[in-house]
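# Chain and residue survey
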There are 2 protein chains.
Amino acid sequence: MSKILVFGHQNPDTDAIGAAIAFSHLQNELGKTTEAVALGTPSEETQYALDHFGLTAPRVVEAAGAGTDVMLVDHNEFQQSISDIAEVNVLSVVDHHRIANFETANPLYYRAEPVGCTSTIVLKMFKESGVTIPKAIAGMMVSAIISDTLLFKSPTCTDEDVRAAKELATLAEIDLDVYGLEMLKAGTKLSDKSAEVLLDLDAKSFPMADKNVRIAQINTVDLSEVMDRQAELEAAMAETSTANGYDLFILVVTNILDSDSELLVFGEPKEKVEEAFATKLVNNRALLKGVVSRKKQVVPQLTEAFA
Amino acid sequence: MSKILVFGHQNPDTDAIGAAIAFSHLQNELGKTTEAVALGTPSEETQYALDHFGLTAPRVVEAAGAGTDVMLVDHNEFQQSISDIAEVNVLSVVDHHRIANFETANPLYYRAEPVGCTSTIVLKMFKESGVTIPKAIAGMMVSAIISDTLLFKSPTCTDEDVRAAKELATLAEIDLDVYGLEMLKAGTKLSDKSAEVLLDLDAKSFPMADKNVRIAQINTVDLSEVMDRQAELEAAMAETSTANGYDLFILVVTNILDSDSELLVFGEPKEKVEEAFATKLVNNRALLKGVVSRKKQVVPQLTEAFA
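Residues numbered from 1 in each chain as written. Chains lettered and ligands numbered in written order. Predicted model: local features only at pLDDT ≥ 70, side-chain atom pairs only at ≥ 80, totals over all residues. Heavy atoms only, no water.

## So, the interface of chain B and chain A
- Of the residues lining the interface, 20 residues belong to chain B; the matching set on chain A comes to 20 residues.
- When the two sides are added together, the surface that chain B and chain A hide from each other amounts to roughly 1,700 Å², 58% of it contributed by carbon and sulfur.
- Considering only the surface of chain B that becomes buried against chain A, Arg98(B), Ile99(B) and Pro107(B) emerge as the three largest contributors, covering 29% of it.
- Summed over the shared surface of chain B and chain A, the number is zero salt bridges.
- Looking at the side of chain B that touches chain A, the element that brings in the most residues is strand β6 (residues 109-112) of chain B, giving four residues.
- Taken together, the residues of the side of chain B that touches chain A sort by class into 10 nonpolar, five polar and five charged.
- As paired elements, strand β6 (residues 109-112) of chain A and β6(B) share three bridges and run antiparallel to each other. Each bridged residue has a counterpart across the sheet, and for Tyr110(A) the counterpart in β6(B) is Ala112(B). (Contact = heavy atoms within 4.5 Å. Buried area = accessible area lost by both parts, 1.4 Å probe. Salt bridge = Lys/Arg side-chain N within 4 Å of Asp/Glu carboxyl O. Helix = DSSP H or I, 4+ residues; strand = E, 2+ residues; numbered from the N terminus. Nonpolar A, V, L, I, M, F, W, Y, C, P; charged D, E, K, R; others polar. Pairing = 2+ DSSP bridges.)

Right, here's the structure in full:
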């Protein structure tokens, strides 16, 4: 019997890879034969975590093969999954997102909870099964929680995520604050990346009214390091907007140290941005105190302004 | 704050109503304010269980109202749910079916497992939460498992369902075999029902190749009681097939005592039925030994024959 493939979403983040490694281990301990794989290479942040805990990156797969048994973590929507998701056999899903564009032919295990990180749910499943979590796997799980919650500063973070991270940090033998900040910083080496790459690291499109709004986010420990490149970024925003038909391009640059974000805005209608955040753009920029979550603090406010 | 509505699927069976009552109780014990409701009136089988444990049938609702918080049990597909399902806010789902035609705007709790009955999963959730199950609620839960698994004879039944039923039977203070058979028999009072009603008690349509195949199932303790009405049933099958465009109508009459089923077939192509079950129709009828599950022992075999 071939191995069951366990994987997270495309453009994998630390939770997509960490939860796949952890859930695969749990399933193997419970008697299944699974392999954690990934739909892309690890980010610098995720690689930092893998290196710290002495693990190698999961094998990258493009397609599973029709009829293959798979287990999904940290996603369910088909467009975020493996290329041949409609032809495989989904045995189980563990996730913390909404459910959409997902269906199966057969009954399956599905475990979703509205918490900040998939690894928080996987920890619960380890405990329900009475399976011990090895140090390196606890390390990847706590790294995933740190990543998804920006070290507990994101409004998506729940009390359960904090409790899970503390428990896992003990197993992983790390100091949460020291390790957490080092790992997040590892994902903020921006100076060696072109403006085009920065704008595409973590970007999503949203239709709002009759406008095509692109919202990209990058994490940094030094806002000025990014904003010193404003001219270069604006030129790249103009180019990609023309090429892809974006009306409005919003770059959210988030300082993970003090949990503020600065916006850099290109295109129109800019007044909707000012309305959404009750602010005034100066030189196409605005500082938003306490804003770190695109999902909870940017998209809903913009959607409302366009409504 | 208005109550969160908890309900199972349309044309509710004992699991749809039993799991709703049980899950609503669990949520209330955990601090939520919920009400178990139903998308239809109880069957005679379900009413037997409600009466036995001194419970009243849940209030029947047609629509929840836009924006209402709801929790689904024993289903997820929108076409099986409340009429305004697309406008309500689904907080959680507990189910044992495939996932299809289901989506949410927000993250939610979703708990699905490939077992024989939703109430088996609800029992697990009671235990994980450390909440005590009152006798009457344990009674509805064990009734649901008896119903969904035909007293453990259905191939959909898992070891976990059997263990759950035994545990719940103790809490409900019933003898599983004695109570179980009485409850199933309560759902088999067929003599006072017209042929039209019998054909619609539990019927589903399936497109197969270019044919519209209707498969109805009824439970009995006496096959001959039903088959003595063959002429009346065939006349009703002819009428409903013309009215609804069914090419082939298969009535599966299941003897819950010895776990056999007799088919009564109307329409064409009848040879596909013979091929599917490696049998010969005599007087439009065939006895299938050991067949009790439409989902596992009838639909896949017919689908294969039509392929």
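## Remarks on the pattern of salt bridges
- Counted under the stated rule, the structure contains 36 salt bridges over all chains.
- Between Lys193(A) and Asp192(A) there is a salt bridge, and its shortest N-O distance comes to 3.9 Å.
- Exposure remark for Asp192(A): the relative accessible area of 59% places this residue in the exposed category.
- With a closest N to O distance of 3.4 Å, Lys270(B) and Glu268(B) form a salt bridge. (Buried < 20%, exposed > 50% of the residue type's maximum accessible area, 1.4 Å probe, protein only.)

## Here we look at the environment of Leu151(A)
All names here are of chain A.
- Topologically, Leu151 is positioned in the loop between α4 (135-149) and α5 (159-172).
- In this structure the C-alpha to C-alpha distance between Leu151 and Ala195, which are 44 residues apart in sequence, comes to 26 Å.
- Residue contacts for Leu151: discarding those within four places in its chain leaves Ile146, Leu176, Asp177, Gly180, Leu181 and Leu184.

## Some thoughts on the relation of the copies chain B and chain A
- Structural alignment of chain B on chain A gives an RMSD of 0.1 Å, achieved by rotating through 180 degrees and translating 0.0 Å along the axis. Taken together, the rotation and translation describe the operation of a two-fold axis. Taking C-alpha positions as reference, the residue of chain B nearest the rotation axis is Arg111(B), located at 2.5 Å. (Least-squares fit on C-alpha atoms with pLDDT ≥ 70 in both.)

## Focus on the environment of Ala236(A)
Residues and elements named next belong to chain A.
- Among the secondary structure elements, Ala236 is positioned in helix α9 (residues 230-244).
- Residue Ala236 is classed as buried on the basis of its relative accessible area of 4%.
- Here the alpha-carbon distance between Ala236 and Leu198, two residues 38 residues apart in the chain, equals 9.7 Å.
- Once residues lying within four places of it in the same chain are set aside, the contact partners of Ala236 are Ala195, Glu196 and Leu199.

## Examining unusual backbone geometry
Residue and element names in this part refer to chain A.
- For the bond from Glu268 to Pro269, the omega torsion is 0 degrees, close enough to zero to count as cis.
- For Pro269, the location among the structural elements is in the loop between β10 (260-267) and α10 (270-276).
- Positive phi, normally seen in glycine, also occurs at Ala209, with a value near 50 degrees.
- Within the secondary structure layout, Ala209 lies in the loop between β7 (203-208) and β8 (211-220).

## Points about the side chain of Glu262(B)
Residues and elements named next belong to chain B.
- By the secondary structure assignment, Glu262 is in strand β10 (residues 260-267).
- For Glu262, a relative accessible area of 12% corresponds to the buried category.
- Of note is the side chain of Glu262, whose polar atom sits 3.0 Å from the side chain of Arg285.
- Those residues in contact with Glu262, other than ones at most four positions away along the chain, are Leu223, Met227, Leu251, Val252, Val253, Arg285, Ala286 and Leu287. (Polar contact = N/O pair within 3.5 Å; in protein donor to acceptor, adjacent residues only side chain to side chain.)

## Side note on the sheet that holds β10(B)
All names here are of chain B.
- Spatially, the five strands line up as an open sheet ordered β7-β8-β9-β10-β11, and their pairing is mixed. The open sheet has two edge strands, β7 (203-208) and β11 (285-288), and neither has a second partner. Between one strand axis and the next, the sheet turns through 25 degrees on average, direction left out of account.
- Relative to β10, strand β9 (residues 248-255) runs antiparallel, the two being bridged by eight bridges. Of the residues in β10, the one forming a bridge with Phe249 is Phe266.
- Those strands touched by helix α9 (residues 230-244) are β8 (211-220), β9, β10 and β11, and its axis lies near 55 degrees from that of β10.
- Packing against the sheet, helix α12 (residues 299-306) makes contact with β7, β8 and β9, and its axis sits at approximately 25 degrees to β7. (Axes fitted to C-alpha atoms, helices over the stretch in contact; angles between N-to-C directions.)

## Considering the pairing of β6(A)
- Bridge count for strand β5 (residues 89-95) of chain A against β6(A) is four bridges, and the pairing is parallel. Bridging across to β6(A), Val93(A) finds its partner in Tyr110(A).

## Concerning the sheet that holds strand β9 (residues 248-255) of chain A
Residue and element names in this part refer to chain A.
- Read from one edge to the other, the open sheet built from five strands follows the order β7-β8-β9-β10-β11, with strand pairing classed as mixed. A single partner strand is all that each edge strand has here, and the edge strands are β7 and β11 (285-288). Put simply, the sheet's adjacent strands are angled 25 degrees from each other on average, direction ignored.
- In terms of strand pairing, β8 meets β9 through eight bridges, oriented parallel. If you follow Ala216 over to β9, its bridge partner there is Leu251.
- In this fold α9 packs onto β8, β9, β10 and β11, with an angle of close to 55 degrees to the strand it touches most, β10.

## Describing the domain arrangement of chain A
Residues and elements named next belong to chain A.
- If you check the domain split of chain A, you get domain 1 (4-186) and domain 2 (195-306).
- Using C-alpha coordinates to define each centre, domain 1 is positioned 28 Å away from domain 2.
- Approximately 870 Å² of surface area, both sides summed, lies buried where domain 1 meets domain 2, with 71% of it carried by carbon and sulfur atoms.
- At the boundary of domain 1 and domain 2, one finds zero salt bridges.
- In terms of residue class, the side of domain 1 that touches domain 2 is built from four nonpolar, three polar and two charged. (Domains from an automatic or database assignment.)

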